[in-house]
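Listed below are the residues making up each chain.
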Amino acid sequence: MESAPSRTAMFAAVSRGLFRLETASPWVLDDVLALVLVGPVWQQLRDQFDPLFPGPVRSESRAAVCTRSRYAEDRLAAGAFTQYVILGAGLDSFAWRRPDLLGSLTVFEVDHPASQAWKLERVRELGLPLSDSQVFVPADFEAGPVQDVLGPAGFDWAQPAMFCWTGVAPYLTAQAIESTLRTIAAAAPGSEVVFSYRAEDCALDDAGTEFARIYTPIAASAGEPLQPGWPVSEIERLISRCGLKVVDHPARADLQQRYFAGRTDGLRPYTFETLVAARVT
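Note that this is a predicted model, so its numbers are computed, not measured.

## Points about the overall build of the chain
If you tally the helices and strands in the chain, you get 12 helices and 7 strands. Here the C-alpha atoms of the chain give a radius of gyration of 18 Å, agreeing with the 19 Å that 2.2 N^0.38 yields for 281 residues. With the C-alpha coordinates of the chain rotated into their principal frame, the extents come out at 45 × 45 × 40 Å. For the chain, with 281 residues in total, the buried portion stands at 54%. Within the chain, counting contacts between residues at least 6 apart in sequence, those at least 24 apart form 78% of the total. Approximately 11800 Å² of the chain is accessible, and the part contributed by carbon and sulfur atoms is 51%. For the chain, the distance from the average position of its 25 positive side-chain charges to the average position of its 34 negative side-chain charges is 3 Å.

Take a look at the structure:
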């Protein structure tokens, strides 16, 4: 929305926080700051929207929101990157959760100006420290290339970077997705992007189908309508056409094995969003 913080970014942060509150450890992502950043309104959002979703759908969606952040941060930690670009950063708390990684990185948080201004206001209210390694970059993905704002913010196109772009593409047009991928492809060789996209309806399981049915009108009413889903083959062709190489495209079973193996509660991520990692060659 043009003049208010992203409601869907708040939904994602509430999901990360409630996952920690309602799920037994070990947590795929331990985001102790998620609900703090949202503020007291998190209870209102929970009470308003939780009753709309069946319990298993809530659990799987929260697991997926945490999994996508964990997946991106795992690839970041495994690589030799000097820059971490969080596209559509929302209320991501990476810079405070992962001081072990922050020391060797410059983190660029890119988000819609209204959402970013609201987050920075919350950060000031909470007294959270800001590091010289954190750079906040206001941008509108539908308005123009991310490249136009990253360079002036100090991003070095000659140094390897990890781009995290999760929970954003499902709301963007195909043209905006392609524009952003082409921008990422202009980064230094060895740079990577992790992004999540909406799966096509025929690929969804029962929980994913039910989530889509309930959430679609909620997102639309928040001014952030969902776009149609993508077949796996089509998204891989798009990635290749933009000059990137797919290096990992995990199915739900892969993510379940990596992050939820050995659990006795049967928890797993939903199928609504699919993760993919691609590299600049």
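## Considerations on helix α7 (residues 113-126)
Helix length check: α7 (14 residues) gives 20 Å between terminal C-alpha atoms against 20 Å at 1.5 Å per residue, within 8%. Every buried residue belonging to α7 is among A114, S115, Q116, K119, L120, R122 and V123, and all of these are buried. Those residues of α7 that are buried lie in contact with α2 (34-38), α5 (94-97), β2 (106-111) and β3 (134-138).

## Concerning the nonpolar core
Core analysis: the biggest nonpolar cluster contains 58 residues, and L76, Y84, F94, L105 and Y215 have the highest contact counts within it. For Y215, the residues in contact, after removing those within four places along its chain, are T8, F11, F53, Y171 and L226. Of all hydrophobic cores here, the second largest spans 35 residues; its members include V135, V137, A187 and Y197.

## A few points about the packing of helix α1 (residues 7-22) against helix α4 (residues 55-78)
Put simply, α1 and α4 touch, their axes get as near as 8 Å, and they point 105 degrees apart. The angle between the axes of α1 and α4 places the two elements in the roughly perpendicular class. Taking contact as the criterion, the partners of A12, S15, R16, L18, F19 and E22 in α1 are, on α4, R62, A63, V65, C66, R68 and S69. Of the residues assigned to the contact of α1 with α4, the class counts are 6 nonpolar, 2 polar and 4 charged.

## Side note on the packing of aromatic side chains
The full count for this structure, using the stated rule, is 13 aromatic pairs. Each member of the aromatic cluster is reached from another via a ring pair, and the members are F11, F49, F53, F211, Y215, Y270 and F272.

## So, the packing of α1 against helix α3 (residues 41-49)
For the pair α1 and α3, interaxial distance at closest approach is 10 Å and the crossing angle is 90 degrees. Accordingly, the angle class assigned to the pair α1 and α3 is roughly perpendicular. Residues R7, M10, F11, V14, L18 and L21 of α1 pack against W42, Q44, L45, R46 and F49 of α3. Grouping the amino acids of the contact of α1 with α3 by side-chain chemistry returns 8 nonpolar, 1 polar and 2 charged.

## Focus on the sheet that holds strand β7 (residues 273-280)
In space, the 7 strands of this open sheet follow the order β3-β2-β1-β4-β5-β7-β6, with mixed pairing throughout. Sheet topology places β3 and β6 (244-248) at the edges, where each strand pairs with a single neighbour. On average, each strand axis in the sheet is tilted by 25 degrees relative to the strand beside it, whichever way the strands run. As paired strands, strand β1 (residues 83-87) and strand β4 (residues 161-165) are joined by 4 bridges and run parallel to one another. Residue pairing across strands places V85 opposite F163, the latter belonging to β4.

## Quick word on the pairing of β2
The buried fraction of β2 amounts to 5 of the 6 residues, a majority that puts the element mostly inside the structure. Pairing between β1 and β2: 5 bridges, direction parallel. By the bridge assignment, L87 is partnered in β2 with V110. Strand direction decides the pairing type here: β2 and β3, joined by 5 bridges, are parallel. Following the sheet pairing, F108 is matched in β3 by V135. Considered for its hand, the β-α-β crossover made up of β2, α7 and β3 is right-handed.

Rules and cut-offs
Residues numbered from 1 in each chain as written. Predicted model: local features only at pLDDT ≥ 70, side-chain atom pairs only at ≥ 80, totals over all residues. Heavy atoms only, no water. Helix = DSSP H or I, 4+ residues; strand = E, 2+ residues; numbered from the N terminus. Rg over C-alpha atoms; globule rule 2.2 N^0.38 Å. Buried < 20%, exposed > 50% of the residue type's maximum accessible area, 1.4 Å probe, protein only. Contact = heavy atoms within 4.5 Å. Areas by Shrake-Rupley, 256 points an atom, 1.4 Å probe, with all protein chains shown as cover. Lys, Arg positive; Asp, Glu negative; His and termini not counted. Charge placed at Lys NZ, Arg CZ, Asp CG, Glu CD. Expected span 1.5 Å × (residues − 1). Core = buried A, V, L, I, M, F, W, Y, C linked by side-chain atoms within 4.5 Å. Axes fitted to C-alpha atoms, helices over the stretch in contact; angles between N-to-C directions. Parallel < 35°, antiparallel > 145°, perpendicular 65-115°, else oblique. Nonpolar A, V, L, I, M, F, W, Y, C, P; charged D, E, K, R; others polar. Phe/Tyr/Trp six-rings, centres within 6.5 Å; stacked < 30°, edge-to-face > 60°. Pairing = 2+ DSSP bridges. Right-handed = clockwise from strand over helix to strand, strands pointing away.

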